[in-house]
Amino acid sequence: MGNLPHRDWLDELLAQPEPEIEDSGFSSRVLKAIPKRRSPFRMRLWILLICTLVACVISFWILPSGEYLWTSVSEVFVFESWIGIGVPVTSLLVVVMIVFGACAFAVYES
Amino acid sequence: MSDPTDAELIAQVLQDGNKDAFGGLVFRYQSPLRWLLRKLTCGDVALADDLAQDTFVRAFLHIKDFRGDARFSTWLYRIAYNAFLGEKRKNRKHVAPRTVENDFRESNPPNTLLQMDLEKALSSLHEAERAALLLAYSKDCSHQEIARVLDCPVGTVKTHILRGKEKLRSQLRGWEGKVEHG
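Reading the values: rules and limits
Residues numbered from 1 in each chain as written. Chains lettered and ligands numbered in written order. Predicted model: local features only at pLDDT ≥ 70, side-chain atom pairs only at ≥ 80, totals over all residues. Heavy atoms only, no water. Helix = DSSP H or I, 4+ residues; strand = E, 2+ residues; numbered from the N terminus. Buried < 20%, exposed > 50% of the residue type's maximum accessible area, 1.4 Å probe, protein only. Lys, Arg positive; Asp, Glu negative; His and termini not counted. Salt bridge = Lys/Arg side-chain N within 4 Å of Asp/Glu carboxyl O. Contact = heavy atoms within 4.5 Å. Patch = residues over 30% accessible without salt bridge, like charges linked within 9 Å, V, L, I, M, F, W, Y side chains within 5 Å. Areas by Shrake-Rupley, 256 points an atom, 1.4 Å probe, with all protein chains shown as cover. Core = buried A, V, L, I, M, F, W, Y, C linked by side-chain atoms within 4.5 Å. Buried area = accessible area lost by both parts, 1.4 Å probe. Nonpolar A, V, L, I, M, F, W, Y, C, P; charged D, E, K, R; others polar.

**Q** Before we move on, can you summarise the side chain of B:Arg130 with the specific residues and values?
**A** Residue and element names in this part refer to chain B. Along the chain, the position of Arg130 falls in helix H7 (residues 127-137). Despite its burial, Arg130 pairs with no opposite charge, the nearest such side chain being Glu127 at 5.0 Å. Dropping the residues within four chain positions of it, Arg130 is found in contact with Lys39, Leu40, Thr41, Cys42, Phe84, Leu122, Ser123 and Leu125.

**Q** Can you explain a nonpolar patch on the surface? Please cite residues and give values.
**A** All names here are of chain A. Together, Leu45, Trp46, Leu49, Ile50 and Val54 make up a nonpolar patch on the protein surface, roughly 500 Å² of accessible area in all. In this fold, Leu45 is placed in helix H3 (residues 41-62). For Leu45, a relative accessible area of 38% gives the class partly exposed.

**Q** Before we move on, could you go through the nonpolar core and cite the residues and values that matter?
**A** Core analysis: the largest hydrophobic core is formed by 66 residues, its most contacted members being B:Phe22, B:Leu37, B:Phe56, B:Phe72, B:Tyr81, B:Ile146 and B:Leu150. Ignoring anything within four residues of it in the chain, the contact list for B:Tyr81 reads B:Leu40, B:Glu127, B:Ala128, B:Ala131, B:Val149 and B:Leu150.

**Q** Any chance you could break down the interface of chain A and chain B for me, citing the residues and the numbers?
**A** Taken residue by residue, the interface counts 27 residues in chain A and 39 residues in chain B. Interface area, chain A with chain B, both sides summed: about 3200 Å², of which 65% is carbon and sulfur. Across the contact surface, chain A and chain B share 3 salt bridges. The shortest N-O distance in the salt bridge between A:Glu18 and B:Lys139 comes to 2.8 Å. Counting only elements with at least two residues in the side of chain A that touches chain B, the list comes to helix H1 (9-14) and helix H2 (26-33) of chain A. For the side of chain A that touches chain B, the leading source of residues is H2(A), giving 6 residues. Taken together, the residues of the side of chain A that touches chain B break down into 15 nonpolar, 4 polar and 8 charged.

Here it is in structure tokens:
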């Protein structure tokens, strides 16, 4: 230690060299303990965007018309009867599941 | 062909998460880090090795945070010290200094007994004092580096070292003349 001007017996005692500790597989254990890297953030963002786009395509173009989704939402909120609510709720659930599935896939550790 | 420097190995890890490169760093620093943690944990080898492993894993996961303005070893020691403090807070373990039986004293050479008394005295210090002394003397760290490891001002580091030495001197008073004269 170069910070003290005078070294007495205690300084010499404390400054005795430390013994070398054998690796004995320690480094290997450390490397095995390191978790796998998550997929890069950029890739997750692309996955999320693409799946959101797919969900939008299904919602607005594949379904009968773009108005279908809005009609479904309004029917859910108007709620005239349980019989009529099944189809709009199902269609909304499909959209929600696709978006949630995209989020889950995006954060899934490969 | 010379061994790669710490900076070269770190660059490889940063570039593509090269585990082999990080393994080189682990192999290089496992001995001094485990020794430091064994001293901090007052000789608990299993706990020290667990903390050392945890330290290296955290270092790998946060390698991007290493700015390169200090030695890699200093950065590792800081992670290790924080891991040690976290473990202490979690378990609130008080590690009692080891005692030495009288017959053990009679049958062992003075150097061994001196080392045991030194370890006993070190284990009685506050962890910050112990860490400051170990880093200053065994790791040859500057006061600034120790301040970075302990996350405290340089003045506090100096106080820890002075108080730690006073306590050691008091506890090892019986060895003073014997150590000086060999």
